[in-house]
Structure formats: structure tokens, C-alpha cells
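One-letter residues, chain by chain:
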Number of protein chains: 2
Amino acid sequence: MSTPKILILGAGYGGLMTALKLQKELSYGEADVTLINKHDYHYITTQLHELAAGTGDPEDARVFLDELLDARKIRFVKAVVTEIKPQERKVETTGGTFDYDYLVIGLGSEPETFGIQGLKEYALCIRSLNAVRMIREHIEYNFARYKNEPEREELLTIIVGGAGFTGIEFVGELADRVPELCKAFDVDPAKVKIINIEAAPTALPGFDPELVEYAMNVLQKKGVTFRINTPIKECTPEGVILANGEEIKAGTVVWTGGVRGNSLVEKAGFETMRGRVKVDDYLRAPGYDNVFVVGDCSLVFNEQGRPYPPTAQIAIQEGQNCARNLVALVRGGSLEPFKPHIRGTVASLGRGEAIGIVGGRKLTGSAAAWMKKLIDLRYLYLIGGLSLVLRKGRHKLLRV
Amino acid sequence: MSTPKILILGAGYGGLMTALKLQKELSYGEADVTLINKHDYHYITTQLHELAAGTGDPEDARVFLDELLDARKIRFVKAVVTEIKPQERKVETTGGTFDYDYLVIGLGSEPETFGIQGLKEYALCIRSLNAVRMIREHIEYNFARYKNEPEREELLTIIVGGAGFTGIEFVGELADRVPELCKAFDVDPAKVKIINIEAAPTALPGFDPELVEYAMNVLQKKGVTFRINTPIKECTPEGVILANGEEIKAGTVVWTGGVRGNSLVEKAGFETMRGRVKVDDYLRAPGYDNVFVVGDCSLVFNEQGRPYPPTAQIAIQEGQNCARNLVALVRGGSLEPFKPHIRGTVASLGRGEAIGIVGGRKLTGSAAAWMKKLIDLRYLYLIGGLSLVLRKGRHKLLRV
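Within every chain, residues take consecutive numbers counted from 1 along the sequence as written. A letter from A marks each chain and a number from 1 marks each ligand, given out in the order of writing. Given that the model is predicted, a residue must reach a pLDDT of at least 70 before its local features are reported, and side-chain atom pairs must reach 80 or more before they are shown or counted; all residues, however, enter totals for whole chains, interfaces and linings. Side-chain descriptors were evaluated using all non-hydrogen atoms of the structure, hydrogens and water having been removed beforehand.

## Brief notes about the pattern of salt bridges
Two side chains carrying opposite charge are able to pair once their charged atoms lie near each other.
Thinking step 1. One side-chain nitrogen of Lys or Arg within 4 Å of one carboxyl oxygen of Asp or Glu is enough to make a salt bridge. Scanning the entire structure with this criterion turns up 52 salt bridges over all chains.
Thinking step 2. With a closest N to O distance of 3.1 Å, E153 of chain A and K191 of chain A form a salt bridge. Here the residue E153 of chain A occupies a position in the loop between α4 (129-148) and β12 (157-161), and K191 of chain A occupies one in the loop between α5 (165-185) and β13 (193-197), the gap between them amounting to 38 residues.
Thinking step 3. For E266 of chain B, the salt bridge identified is with R260 of chain B, shortest N-O distance 3.0 Å.
Thinking step 4. Residue E266 of chain B is classed as partly exposed on the basis of its relative accessible area, which comes to 40%.
Thinking step 5. The partly exposed category is assigned to R260 of chain B, whose relative accessible area is 21%.
Thinking step 6. Counted as one network, the salt bridges with shared partners bring together E59, R62 and R133 of chain A together with D186 of chain B. Here a helix means four or more residues in a row that DSSP labels H or I, a strand means two or more in a row labelled E, and each is numbered from the N terminus. Burial classes follow relative accessibility: with a 1.4 Å probe on protein chains only, a residue under 20% of its type's maximum area counts as buried, one over 50% as exposed, and anything between as partly exposed.

Below is the structure:
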């Protein structure tokens, strides 16, 4: 019997956690594990909104994979996946073709545009380190441009489409960043506008209404304008056009309105909903008992039959479950179904402010902000131990 | 007899020095002195190339005027001059009309495009704090864009048109900055190009050939490519087209190829050469014994009959002479002709490197770099005393 080949696609929360747990559990030579990722680093997606606003340091939000992986147990390949061929048990990448006995798909998400015209072309998205550095630079560039074309005040308007978790966390950071930018570029703060536009009848749809109101109050006091119940019809090079025909000019439009699974998953022939595979109890793609799907590409339902939203928390747990089951498959044990444990949810609102529900209790203000920090630090500990907490988490602890 | 009205236009080296020396020499009420400037700060033009490259802090390169001016002696008006009417003894500004008994014009320079098509539209110029923040942001933005459009390597090419003092000093700083940018944006340094294009048969035309060679060697080792004897025919949104038809694509084009006097001076009816007024021995505009012209708008010839280049050094001395003669006019003394004392010239080549001629001696390397620092610090001392040296000059002393 030959050594089983495990191929992991993507080093996001789900894929990385699968790889790290396999690295821990498997002995040398027990399986031939390969991890393929576009970059040679993992980034901490839950911090990207800070980098996009310019309040966080990109180096605190990424970890180079060679710091985490034991090359004797996991082979890392830096390549872009171009096609998944589950029937042939093959994956095409820019670094060649890979075959496998077991496949783990953790290729993350893509922005969901809901058919809004121009969004793909003219809006920026909080989706990768390169994308958020672009947002930060785009905003700064517009401040610099405004000082050279002072009649173009719209350069100072930032529209954030979507008031879900990412949108709310992003405007919170932006509101903290604006006074710094105004100082650095000699801009009158009264001229800067942050407008958060949401199509649903409320910000943070599905979240506790009392906490939503708290969040909106905090953010409005920081200078954020909300346009709730306001669908965007079109995004243009000049800004956005609302469903009611109103045009809002803006130098920057950032879209946080939703995500769908990586389109490679749909193209591979798996049945999907919004690009996500409705996996079985063991996170396997229907019809393939050797293909696991974790993270944002994976669709899991709660007991009420509603899909869990794509979060880091669930992706991490999926990775852990997936690795456990892969070990069982390699060694001939029995599989354990995936059961998510939702510990809670915390959304940051910028410096020292957050809202959340943890262990069934509502949290606001600095208590919630500290909880958010602990969640971030816990994750660093999970993937890289105390040394990573100290290296990457320091600023988080110092910046209160 | 009424109090004489002295109106100073512009708070650059020439105008500010005139104002500060008047402030020192005149007693309260001896004259009614007004200084009009576009901004409420003075910026240290000789440091702008550092800010454009992103190696210097903008706050070290500007001084707010209220820190320097005694409001009981000098009235400061923040306004933009729109027209000078010397025959009516009036000046129109965005802050109203001003009349005067004595006028000092220190309105600085504008880029000289030599009729090169597209330069005005597509090239950036090192000319003000707002303009250099724009250059810095433009370059950073292109690094961010490249990471999202990696097929567009030309985004990483920076063309500097002109290898005079500003061009040479700027590419020196840029070469220092590029490794930092590459690190911050994960860019392969081999893909970044700094190309300095000069139409004349040599870099730094008119400067000592041995020092020019030294400078080019230093800069080439830092990664700068020179295209000397290479006129630019056209600037486009994609880069530049040379006189020989060759196109060089570039995300950033910065033009440092020359300046001319502020166009308001020509429009006022003064006889000009490249926008500069050929002043008399007392820096007065021909035909007007109450209009003084200092700094880049003023054209003074040396004993060989060649015009002095527009430099901070000569502008400062002109301001001092002008103030001295204004005091004489107010009190009824005799005028003293302007005699420049050229102490020397030093051009920085980035961190720790420079070339120069000081007191007839050639300097290179760290000796020249220190001399450059001393010149900058001396100027801070001249306008704001030791406290200003300590506040604004600190970084200069620490960064060797």
C-alpha cells in the first residue's frame, strides 16, 4: 500500500488549520501532505479592515508559512490553483498538475456583487493583503489629489457598500483614521465624508437590535453617515447611483456587501449555493468521499436549517474536524461528524469600542473591545504559539 | 506724513526673509507691513525632493508663519495673489485688493515645460508641499496597484525628467526609498526602475565634471539609470516619448527640467526673461522705484553677464538686501546695491552621500552630506533661531 496523498488547496483559516493539525497528529511518512497557496504567507482576514483603513500594520496581519510549517511533514507549493478535476482526482495549478487521494478545498471567497453594475470595475474590496494595501493607498492618494484639486471635494468622500460585519468594522477604523489623514494632508475634517450604505432594513442584519443601535450610535458620533434600507443600483468611476436614482459622488467606493465561494468550486462541477458546496456531515462534497470542503467554500446548516455565515471561527473548526477525519482515514479509524461550537461574535467599532455576544451575554464598549483582542490573540496562539502572539500581537495589546 | 505701506507677496525664501528682517529692524509703527501668502506656512523648498520620495517628514519641512511673525509688526494675510497692477499701486488677491507704497514680489516659480506636449497634464512637479505629498502618494499607489495588476510592470517605473540639481537630488532619495517600498508592498526590487532623462549633453549642466561623474557613479550603483543627451518629445498618460521616437512606459513621471518666474509677474507688464524680471542693482523692477523683486522671479547677472540660477541661497540674500533698503527708504537713508555672495553649492545624493563645492573646494561623500545638513540647519537658525533647529532639524541630524 502506497503512502496516501493529501492535497490541501488554500492556506486561509480552514486550509491552514487542516495542515497544522495534520502536521501535529501525523508521524513522518504516514501521509504525503501538500499545501498549495497563492502566497507564501497566511493572512489574518479578520484584521484586514484595519489595514484597509490604514490603522493596522500589514506585517502584524500576516504570517509567513515557513514559520509555521514543518517542511518534513508538509510540502508547501506557492502556486495559483486554476482548475479542480474531482473526477480525475487532479488539480491544475500555475505550478503544474497535482493528483491526490484526499483533497481539501479551502479556497476562500470572492465578492458577491448581486449583479450591481460597475461594482467589479470601480469598487475596491477587503479581500487580501494586496487588496487592502490598495484601499489604504487609494484613500491617501485621494487626500493628496484633493489638495491639488481643491474644487473636487468628492475625493474626500468614502462610500462603504454593505453594513454587515466587515462594513461596520471598516467604517469604525476609517473614522479613527480620518483625523490622522486630515492632519497629514492639511485637510479640513468637516469636508471628509464616510457613508455606509446598506440595502437591508437594518445594519448588521440578523444581529441583536440593541447592539446594532449601540454600534450605530458609536459610529455616528465618530462621523459615519448611515444610509440604511438603501440599495445601490450602480457603481461608476464617480461614485454610486442608488436605486432611487440619487447619485453620490465619491473618490473611493469599498464594497463589503457579501461574499460567495471561490468560483473554481462551481466550475469543478460541485453543486453550489452562492458558490458554496453544501457538504455532508463530514464536510465532504456530495458524491465524493475523498473531497473535503472547508471555510468560505463550505456550506453548513444549523439546526434551524439556516446556513452558518462564513466566518473565521467556523473555518478554523472545520479545518480541525477535517484534519481529524483525514488522520482517521489514513489510519483506518471512523469519521466524526462536524459540529460547530459558536462561542460568540464580536465586531470592533474602532479604537476601544466594540459590540458582541459571547457565551450568550451582550458586550459593548471596552469590554467587547478587549474580548475582540483576546479572540485575535487566541488565534495567533492557536497557529503559532506564544512566540507568534508576542511578535504579531504586541501592537494589538498596546493600542487600546 | 502717513505711515508707509509695505506689501510683500509670497512667503518663500525671498519674501519671508524680507519680512523677518523688517520685523527685526523696524520699530513698532514705523511702517505698515503686510505679508500675503497662499498658505499659512513657509516650506523649505530645498527639502521638497525628500518629501516627494517619501524619505522625509513633511512637518520637518514647513514652519507655520505665526511661529515666526510678530503680529504687531507684520500683518499676515492668507490669500492667493491674482493680479499685480504696478501702475495703480494695487494688488488683487482672493482676500481683496491691497494698495502699497512699496511692493516686494517674491512669488516664486512655475515649472518650465519648454513646450513639451503633455508635460503639464501628465507629469508631476516638485513645487509645493501639496505637490510633493501627491508625488509620494502617487508612487506608493502605483506599488499597491502593481500588486493587484502584476502584468503592469510599468507601474513600477519612475521617470524623472531633468538631471539638474532637483532631479539629481530626487533620484538619490528615490533610490533610498525603493527598498523600503519593495518591503512594504512585497515587490521584487529588480522590477523597479528609476530612469533619469536629461536633454543636455551632461547631468548637472555647468557643474564641475569630476563631481558630476562622482554623482552619476553613486546614483548608478544605487540603481538609477541615466539617459543623458536624450530630449523628451512628449509626455503621455502611459509614460514619455523621446525625441528619437522611443517610448518609455512609466507609472510615474516627475518633471524637474527647469523653472520660470511666476506668470503673474509677466502678466503685470514687467519685462521678463523666462518669467523673471531683470532687476536693477537694488532689485527693483525697471521703471518702478517702489517695486522690488526677490527670489525666483528676480533675474540677477554675475560679472560675466550670466544669470544666477534661482536658488534658496540667492533668494535669502536678496530678501536681506531688500529689507535693508526698505528700512533705508522708510527712514530716508541711501540704498545699497545687491551683491550676491555665493558660498558654495551642495547637492545631496541620498543617505550619506553628496557632492559640492564650498569655498572653492570640492567635497564628496559624507563630508559633502554633512555640509548639506549644516546648510539646512543654518537656514532654520536664520529664520527661527535655535528652537526651530531643534524642532525641525532633529531628524536631519539623526538620519545620517
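Now that the structure has been shown, we can carry on.
## A few points about unusual backbone geometry
Residue and element names in this part refer to chain A.
Thinking step 1. With a phi close to 55 degrees, R89 is a non-glycine residue in the positive phi region.
Thinking step 2. Along the chain, R89 turns up in the loop between β6 (81-85) and β7 (90-93).
Thinking step 3. With a phi angle near 50 degrees, R274 is a residue other than glycine that sits in the positive phi range.
Thinking step 4. As for its placement among the helices and strands, R274 is situated in the loop between β20 (272-273) and β21 (276-278).
Thinking step 5. With a relative accessible area of 45%, R274 lands in the partly exposed category.

## Structural notes on the interface of chain B and chain A
Thinking step 1. Between two residues, a contact is recorded if the distance between any of their heavy atoms is within 4.5 Å. Each partner contributes to the interface: chain B provides 19 residues, whereas chain A provides 19 residues.
Thinking step 2. Two parts lose some accessible area (1.4 Å probe) when they are put together, and adding that loss for both gives the buried area. Broken down residue by residue, the surface that chain B buries against chain A is led by M134, E137 and Y141 of chain B, which jointly contribute 34%.
Thinking step 3. Inspection of the region where chain B meets chain A yields four salt bridges.
Thinking step 4. Among the ionic pairs, R133 of chain A bridges to D186 of chain B, the shortest N-O distance being 2.9 Å.
Thinking step 5. Counting of polar contacts relies on pairs of N or O atoms within 3.5 Å, with two restrictions inside protein: one atom must be capable of donating a hydrogen and the other of accepting it, and residues adjacent in sequence are counted only when both atoms are side-chain atoms. At the junction of chain B with chain A, the criterion picks out eleven residue pairs in polar contact (both at pLDDT 80 or more).
Thinking step 6. Elements represented by at least two residues in the side of chain B that touches chain A include exactly α4 (129-148) and α5 (165-185) of chain B.
Thinking step 7. Sort the elements by how many residues they give to the side of chain B that touches chain A and α4 of chain B lands first, with 13 residues.
Thinking step 8. Of the residues assigned to the side of chain B that touches chain A, the class counts are seven nonpolar, three polar and nine charged. Note that Gly is not counted as nonpolar here; it falls among the polar residues with everything else outside the nonpolar set of Ala, Val, Leu, Ile, Met, Phe, Trp, Tyr, Cys and Pro and the charged set of Asp, Glu, Lys and Arg.

## Overview of a nonpolar patch on the surface
Residues and elements named next belong to chain A.
Thinking step 1. Within the patch definition used here, like charges are joined within 9 Å and nonpolar side chains (Val, Leu, Ile, Met, Phe, Trp, Tyr) within 5 Å, considering only residues with over 30% relative accessible area and no salt bridge. In these tables, accessible area is a Shrake-Rupley quantity obtained with a 1.4 Å probe, and a residue counts as shielded only by the protein chains included in the view. A surface patch of nonpolar side chains, about 350 Å² in accessible area, is lined by Y381, L386 and L390.
Thinking step 2. Take L390: it is sitting in helix α9 (residues 365-392).
Thinking step 3. Judged by its relative accessible area of 54%, L390 is exposed.

## A word on helix α1 (residues 13-25) of chain A
All names here are of chain A.
Thinking step 1. Compared with an ideal rise of 1.5 Å per residue, which puts 13 residues at 18 Å, α1 spans 18 Å between its outermost C-alpha atoms and is within 8% of the ideal.
Thinking step 2. α1 sits mainly inside the fold: ten of its 13 residues count as buried.
Thinking step 3. Looking only at α1, the buried set comprises Y13, G14, G15, L16, M17, T18, A19, L20, L22 and Q23. A helix is expected to span 1.5 Å for every residue after the first.

## Quick look at the UniProt feature "domain: FAD/NAD(P)-binding" (unreviewed entry) in chain A
Thinking step 1. Following the UniProt record, one finds the feature "domain: FAD/NAD(P)-binding" (unreviewed entry) at residues 5-319 of chain A.
Thinking step 2. Across residues 5-319 of chain A, helical content stands at 29% and strand content at 28%; the span's end C-alpha atoms are separated by 17 Å. UniProt positions are given in the numbering used here, feature names are shortened, and annotations may be inferred rather than shown by experiment.

## Considering the sheet that holds strand β18 (residues 252-255) of chain A
All names here are of chain A.
Thinking step 1. The rule for pairing is simple: two strands pair if DSSP sees at least two bridges between them. Pairing is parallel in the open sheet, where five strands are placed in the order β11-β18-β12-β13-β14. The open sheet has two edge strands, β11 (124-125) and β14 (224-227), and neither has a second partner.
Thinking step 2. Only the stretch in contact is used when a helix axis is fitted, and all axes are lines through C-alpha atoms; the angle between N-to-C directions ranges over 0 to 180 degrees. Against the sheet, α5 contacts β12, β13, β14 and β18, and its axis sits at roughly 175 degrees relative to β13.

## Here's the deal with the packing of aromatic side chains
Thinking step 1. Working definition: rings of Phe, Tyr and Trp (its six-membered ring) pair if their centres are within 6.5 Å, and the pair is stacked with planes under 30 degrees apart, edge-to-face with planes over 60 apart, and tilted otherwise. Under the defined criterion, the tally for this structure stands at 13 aromatic pairs over all chains.
Thinking step 2. Consider the rings of Y141 of chain A and Y141 of chain B, whose centres lie 4.6 Å apart with planes at 20 degrees: the pair is stacked. One end of the pair, Y141 of chain A, is in helix α4; the other, Y141 of chain B, is in helix α4, on a second chain. There is no split in this pair, since Y141 of chain A and Y141 of chain B are both buried.
Thinking step 3. The interplanar angle of 90 degrees and the centroid separation of 5.3 Å between the aromatic rings of F165 of chain B and F207 of chain B together place this pair among those described as edge-to-face. Here the residue F165 of chain B occupies a position in helix α5, and F207 of chain B occupies one in the loop between β13 (193-197) and α6 (209-221), the gap between them amounting to 42 residues.
Thinking step 4. Here F165 of chain B falls in the partly exposed class, since its relative accessible area comes to 30%.

## Focus: the relation of the copies chain B and chain A
Applying a rotation about an axis and a shift along it to one chain copy brings it onto the other copy.
Thinking step 1. To superpose the copies, least squares is applied to the C-alpha atoms of every residue with a pLDDT of at least 70 in both. The transformation that overlays chain B on chain A combines an axial shift of 0.0 Å with a rotation of 180 degrees, and the residual RMSD is 0.0 Å. Here the transformation between the copies is reduced to the relation of a two-fold axis.
Thinking step 2. A high fraction, 100%, of the interface residues of chain B reappear at the interface in chain A, so the copies pair face to face through one surface.

## Concerning the side chain of R136 of chain A
Thinking step 1. Among the structural elements, R136 of chain A can be located in helix α4.
Thinking step 2. If we ignore the near neighbours within four places in the chain, the residues touching R136 of chain A are L51, A52, G54 and P58 of chain A together with F185 of chain B.

## A closer look at the packing of α4 of chain A against α5 of chain A
Residue and element names in this part refer to chain A.
Thinking step 1. Across the interface, α4 lies against α5 with an axial gap of 11 Å and an inter-helix angle of 35 degrees. Regarding α4 and α5, the two cross each other, and that crossing is right-handed. Note on element contacts: α5 touches α4 through F170, L174, R177, L181, C182 and F185, opposite I135, I139, E140, F143, A144 and K147.
Thinking step 2. Here the residues of the contact of α4 with α5 are counted per class, giving nine nonpolar, no polar and three charged. Left-handed describes a crossing in which the near helix is turned anticlockwise from the far one by less than a right angle; the clockwise case is right-handed.

## What about the nonpolar core?
Thinking step 1. Only buried residues count toward a nonpolar core, which is a set of Ala, Val, Leu, Ile, Met, Phe, Trp, Tyr and Cys residues joined through side-chain atoms within 4.5 Å. Core analysis: the biggest nonpolar cluster contains 100 residues, and F143 and F170 of chain A together with F143 and F170 of chain B have the highest contact counts within it.
Thinking step 2. With residues near it in sequence (within four places) discarded, F143 of chain B still touches L156, L181, C182, F185, V187 and V192 of chain B.
Thinking step 3. Core analysis: the second largest hydrophobic core is formed by 66 residues, A31, Y102, V291 and V293 of chain B among them.

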